[in-house]
Amino acid sequence: MEDFHCVHNCQLERKFHPVRDITEIKYNILNLPYEVTFLDGSKIKVVYDGDGQVWRKILTSTTDTLPNGQYTMTIDYIDGFEYHDEVFASYTHPQGRVAPGPDGINCEYFLRDHLG
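Residues numbered from 1 in each chain as written. Predicted model: local features only at pLDDT ≥ 70, side-chain atom pairs only at ≥ 80, totals over all residues. Heavy atoms only, no water.

S.K.: An account of the sheet that holds strand E7 (residues 72-78) is needed here, citing residue identities and associated values.
M.R.: Pairing is antiparallel in the open sheet, where nine strands are placed in the order E3-E4-E5-E6-E7-E8-E9-E10-E11. Of all strands in the sheet, those bounded by a partner on one side alone are strand E3 (22-27) and strand E11 (104-109). With direction set aside, neighbouring strand axes in the sheet form an average angle of 15°. Alignment of strand E4 (residues 33-38) against strand E5 (residues 43-48), held across three bridges, turns out to be antiparallel. In the sheet register, Glu-35 faces E5, and the bridge partner there is Lys-45. (Pairing = 2+ DSSP bridges. Helix = DSSP H or I, 4+ residues; strand = E, 2+ residues; numbered from the N terminus. Axes fitted to C-alpha atoms, helices over the stretch in contact; angles between N-to-C directions.)

S.K.: Can you break down the environment of Val-98 residue by residue, with the values?
M.R.: Mapped onto the elements of the fold, Val-98 is located in strand E10 (residues 96-101). In sequence terms Val-98 and Phe-81 are 17 residues apart; their C-alpha atoms lie 9.3 Å from each other. In contact with Val-98, not counting residues within four places along its chain, are Phe-88, Ala-89, Ser-90, Tyr-91, His-93, Ile-105, Asn-106 and Cys-107. (Contact = heavy atoms within 4.5 Å.)

S.K.: Go over the side chain of His-93, please, and point to the residues and values.
M.R.: Its place among the elements puts His-93 in strand E9 (residues 87-93). Each residue touching His-93, except ones within four places of it in the same chain, is listed here: Val-98, Tyr-109 and Phe-110.

S.K.: Explain the pattern of salt bridges residue by residue, including any values.
M.R.: Per the counting criterion, the structure on display carries four salt bridges. For Lys-43, the salt bridge identified is with Glu-35, shortest N-O distance 3.7 Å. Its relative accessible area of 9% is what places Glu-35 among the buried residues. Two residues, Glu-108 and Arg-97, come together in a salt bridge whose shortest N-O distance is 2.6 Å. Pair noted here: Glu-108 is in strand E11 and Arg-97 is in strand E10, with a separation of eleven residues, a long-range link. With a relative accessible area of 31%, Arg-97 lands in the partly exposed category. Salt bridges here are not isolated pairs; linked through shared partners, they connect Lys-26, Glu-35 and Lys-43. (Salt bridge = Lys/Arg side-chain N within 4 Å of Asp/Glu carboxyl O. Buried < 20%, exposed > 50% of the residue type's maximum accessible area, 1.4 Å probe, protein only.)

Below, the structure is given as structure tokens:
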């Protein structure tokens, strides 16, 4: 089995990763991965802005392993807000995150000590 190795700009290059079933990783001009292809044909595509911040992820599956038996799912990231297929999923802030739950909105807080 082949594994990945580092090439120019430390991009990973090989055609097979045995642990994750990754067959290919493509990079953009900012040296960020914009497409990851898996052994079963599933893909993750990522759209970035000019600063390298993630705007959107498009998950494509060859099976119905995504939520609700879907074959594609779009995740949008807008100023701390996260939307899954245009439905609010969460809002992240410095103290934690806010996400919808079965009984309404859930507030989840990060526990930190003096080390961060």
